[in-house]
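Structure assessment
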Amino acid sequence: MRRLVSDTLIIAERNLIRLPRAPELLLAFTVQPIMFVLLFRYVFGGAIRTPGYSYVDFLLPGIIVQNIAFGGFVTAIGLNEDVHKGLIDRFRSLPMARPAVLAGRTLADIVTNALSVTILLVTGVIIGFAFHASALHAIAGLGLLLLFGYAFSWFFAFVGLLVSSPESANSVGFIAVFPLTFISSAFVPVSSMPSVLRAFANVNPFTIIVDAMRHLWLGAPAHNSVWGAVVWAFVIMGVFAPLAVGRYRRAAGS
Amino acid sequence: MHFAAHTPATDQPGPAAGLDDAAITVRGVRKSYGSVQALAGVDLDVARGTVVALLGPNGAGKTTLVRVLTTLLVPDAGTAQVLGCDVVRDAARLREQIGLAGQYAAIDENLTGLENLTMVGRLYGASRSSAKGRGRELLERFDLVEAAGRPAKTYSGGMRRRLDLAAALVAKPPVLFLDEPTTGLDPRSRLSLWEVIEGLVAEGTTVLLTTQYLDEADRLADTIAVIDHGRLIAEGTSDQLKDKVGGERLEVRLDADADADAAIRVLAPMSDETPQAQGTLVKLSVRERSGSIVQAVRLLSEAGVGVDDLALRRPTLDDVFLALTGHAAEEASDEREGA
C-alpha cells in the first residue's frame, strides 16, 4: 500500500513535469477553453434564451463541465504513446505497484483540470460571470467538478489502452464524449430541444452534473442533481477503473 | 532498497543461490497469439555470469521469449525461472533482479536524461537523492553528462539507446535482458554499445540478448542459441556451431565472363556438398585446408574457367544459419517482416 502511494506520486510527478515541455498540450489546457467561452458567449449567446439567468451565468458551469470531461484526453493519448514507445513495458518490468502507472496518470489530470477550471473561471468573471451562492457551495462545486473529471480520466485511461494509436484515442474519445456534452443542458435549456433529444438529455449524466453545478453556483433548483452527480462519478470510476487496470495488466505492447 | 548495497551477480544471491549456478532456466515454454505459435516448446539454460545470444530472424520468437522471462507475458505452457524466481509465481521478486532494455528506447522524451533515470530508480524503491546519485553515475558512465539536463527528445538515436540501457541498469540487476540492443544504430554507436555491454559482462552480469546480427552474437556471446519458428534449432559456442557446418569454406571469384556451371562441376569432387554460385562467386566447403587452393586453381584452369580471386575462410554464422534453417538469415527476415 505504501508502495502504491509513493509509486503513484512518482508517476504523477513525471506527468506534470513533462507538461510544460509539450506546448501543444499546454495550449489545449489554456487557450482552447478560453476560445470556446468567448465564442459561445458572443456568437451564440445573443440567440439563446435562458430564462432566469444571463447567458454567461448559464454557460459557464456547462462549458467548464465539458472541458473537464475532455481533460482526460491527455491520459488517453499519453498512455497510448507510452504503450507504443515501450515505456509501459519498462514500467511493467519494474518491481513497482501495478496500478500506479494509471493512478499516477489520473492523479496528474486532477492538477491539470484544476488549472483549466481556474483559467475558465477567471475568463468567465472577466466577461461578467458571478456566483449566486455561498462560498461553501462554490467550493463544493469545485470539488464536484474535480471528482467528475477524475472519474472521466479513468474512462480515457481505458480508451488509451484499448485503441491502436494516439490518433484513434483522440477520435474515439471525441466521438463518444462530444455528442454527450452537447445533448445535455450544458449550452442550451433542455426544454428547447425536440422531444427525442430532450428525453435523452434528461437522463444524460452531463445534464445531471451541469444541473448540480448550476445549483451549487447559481442557486438553481437542485432536484437531487448533486447526489446524482456524485453517484454518476463513482459509477463511471467503478466501471472504467477496473477495466483500465485489467487492460494494463495484459497490455501486450504489440 | 539502497543501490549502494547492490553488487552484480557474484554475491547477489537469488532465492535459489547455492543450489545451482543457473541464472535462467526455461523448460518447454509455449506461447501462441491466436493461431500463431510464437514459441513452440523452448528449453534453455543460461549459466550465471555468461552471455547468451538468441539469434534468429524477425518473427522467430526471440522477443516473445524475452517478454516471458521479464514477466510481461504469461506462457501458455512450460516453466521458466530467473535466479530461481518463477516468472509467474514469483513475478514480483523476479522483477527486482532484472533489467530490461527493449527494441525501442523506452524513455520519456519529455523528461531529461537525469529525470528519466531518477524516476526509474525511485520506482525500484530508492529514495529521491539516492536515485539521483545513481542516475548521475550512470550518465557519466554512458557519456551522457553533457546531455543530462536536456529533454531526451533532443537526443540522437545512439544517445537514446544508451539512456535506455542506463535505465535498465539503475538497480544494478544481476540479470540483464537486451532485446535487439543495436537494431537501427549506426556502426559507431553500435560499437560503443557493444563495449558497454562487454564492460557489464566483465563485472559479472548475466546477459541474455536477442539479435538478428550474426556478427553481434559472434562478438558478444559465450553461447549462441539459434531460434527459428519458435524452436531452438541449435545451441553452442560460436566455434561449436561453425564446426557443425563443417570445415573451411572456399570462395572463388570467377572472371566476369566465366562459366559458373562449369566451375561448380569441376569443383564438386573437392566437397561433400554441391558448390553454390551467386553470380560470379562460387562457395563450397572443403574437406582439407592444405592444398585446396592449389587444387582448385588447377581444376579450374584445366577446365578453362577464368579465376579472378580465391580465398579460404572459416565458416561464419551466416553459413551456420543457412545450413541449419535452409534459408539465409537476412532473406528470412525480409520474408517474415512484421510476423
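Residues numbered from 1 in each chain as written. Chains lettered and ligands numbered in written order. Predicted model: local features only at pLDDT ≥ 70, side-chain atom pairs only at ≥ 80, totals over all residues.

1. Side note on the overall build of chain B
Put simply, the rule is: Helix and strand definitions here come from DSSP, where helices need a minimum of 4 consecutive H or I residues and strands a minimum of 2 consecutive E residues; each element is numbered from the N-terminal end. Every C-beta atom is placed from the backbone, and the number of other C-beta atoms within 10 Å of a residue's own sets its class: buried at 20 or more, exposed at 12 or fewer, partly exposed in between. The contact rule is simple: place each C-beta atom from the backbone, and if two of them lie within 7 Å, those residues are in contact.
Along the backbone of chain B there are twelve helices and 14 strands. Per-residue burial over chain B gives 45% buried out of 339 residues. Taking all contacts inside chain B whose residues are at least 6 apart in sequence as the whole, residues at least 24 apart take part in 69%.

2. Observations regarding the overall build of chain A
As a reminder of what qualifies: For the radius of gyration, the atom set is restricted to C-alpha positions; the globular benchmark scales as 2.2 Å times the number of residues to the power 0.38.
Along its length, chain A carries twelve helices and zero strands. Relative to its length of 254 residues, chain A is compact, with a C-alpha radius of gyration of 19 Å against a globular reference of 18 Å. Counting all 254 residues of chain A, 47% fall into the buried class. A separation of at least 24 residues holds for 79% of the contacts in chain A among residues at least 6 apart in sequence.

3. Considerations on the confidence of the model for chain B
Residues and elements named next belong to chain B. Note the cut-off: One confidence number per residue, pLDDT, is output by the predictor and ranges from 0 to 100.
On average, chain B scores 84 in pLDDT, and the residues at 70 or more come to 90%. Looking over chain B, one finds the lowest element-wise mean pLDDT in helix α12 (residues 329-335), namely 45, and the highest in helix α3 (residues 113-123), namely 95. Of the regions scoring below 50 in pLDDT, residues 331-339 engages in twelve contacts with residues more than four places distant in sequence or in other chains. Among the scores for the predicted complex, ipTM is 0.86 and pTM is 0.81.

4. Focus on the sheet that holds strand β7 (residues 175-179) of chain B
Residue and element names in this part refer to chain B. Operational definition: Paired strands are those between which DSSP finds at least two bridges. An axis is simply a line fitted to the C-alpha atoms; with a helix, the fit covers only the stretch in contact. Between two such axes, the angle follows the N-to-C directions and lies from 0 to 180 degrees.
Read from one edge of the open sheet, six strands run β6-β7-β8-β3-β9-β10, paired in mixed fashion. Looking along the sheet, the strands with just one partner apiece sit at the ends: β6 (98-101) and β10 (231-236). Each adjacent strand pair in this sheet contributes to an overall mean axis angle of 15°, direction not counted. Relative to β7, β6 runs parallel, the two sharing four bridges.

5. Thoughts on the nonpolar core
Convention followed: Note on terminology: a nonpolar core is a set of buried residues of type Ala, Val, Leu, Ile, Met, Phe, Trp, Tyr or Cys, with members joined through C-beta atoms within 7 Å.
Counting 153 residues, the largest nonpolar core has V65 and I209 of chain A together with A53 and V82 of chain B as its most contacted members. Considering every element that reaches this core, the biggest residue donor is helix α8 (residues 135-162) of chain A, with 13 residues. What V65 of chain A contacts, discounting residues up to four positions off in sequence, is L145, A186, F206, I209, V210 and M213 of chain A. L254, V282, V286 and V305 of chain B belong to the second largest nonpolar core, which has twelve residues in total.

6. Topic: unusual backbone geometry
All names here are of chain B. You will see that T71, though not glycine, has its phi angle at about 70°, which is positive. Counting through the fold element by element, T71 comes out in the loop between α1 (62-69) and β4 (77-82). Here T71 falls in the buried class, since 23 other C-beta atoms lie within 10 Å of it. Backbone geometry places H229, a non-glycine residue, at a positive phi of 50°. Mapped onto the fold, H229 is located in the loop between β9 (223-228) and β10. Looking at H229, the number of C-beta atoms within 10 Å reads 18, which means it is partly exposed.

7. Section: the pairing of β10 of chain B
Residues and elements named next belong to chain B. Across five bridges, the pairing between β9 and β10 is antiparallel. Looking at the pairing, D228 lines up with R231 of β10. Two successive antiparallel strands, β9 and β10, enclose a turn made up of two residues, where H229 displays a positive phi of approximately 50°.

8. Describing the sheet that holds strand β11 (residues 249-254) of chain B
All names here are of chain B. With antiparallel pairing, the four strands of this open sheet are ordered in space as β12-β13-β11-β14. Each edge of the sheet is formed by a strand with only one pairing partner; in this case those strands are β12 (276-278) and β14 (307-313). Shown here is a sheet whose adjacent strand axes are inclined to one another by a mean of 20°, direction ignored. Summarising the sheet, β12 and strand β13 (residues 281-285) pair through three bridges and their orientation is antiparallel. From the neighbouring strand, A277 faces β13, where its bridge partner is V282. Its contacts with the sheet place helix α9 (residues 260-267) against β11, β12 and β13, and it is angled at close to 15° to β13.

9. Section: the interface of chain A and chain B
In plain terms, the rule: Following the grouping adopted for this structure description, the nonpolar residues are Ala, Val, Leu, Ile, Met, Phe, Trp, Tyr, Cys and Pro, the charged ones are Asp, Glu, Lys and Arg, and the polar ones are all others, Gly among them.
Across the contact, 18 residues belong to chain A and 23 residues belong to chain B. For the side of chain A that touches chain B, the secondary-structure elements that each account for two or more residues are α1 (2-17) and α6 (87-93) of chain A. When residues of the side of chain A that touches chain B are assigned to their parent elements, the largest contribution, five residues, is made by α6 of chain A. Taken together, the residues of the side of chain A that touches chain B break down into seven nonpolar, three polar and eight charged.

10. Some thoughts on the pairing of β9 of chain B
The side chains of a regular strand alternate, residue by residue, between the two faces of the sheet. Residue and element names in this part refer to chain B. The buried count for β9 comes to six of six residues, which makes it a mostly enclosed element. Where burial is concerned, the two faces of β9 agree: the one with T223, A225 and I227 and the one with I224, V226 and D228 are both buried. As judged from the four bridges shared by strand β3 (residues 51-55) and β9, these two strands associate in the parallel manner. Counterpart to V52 in the pairing with β9 is T223.

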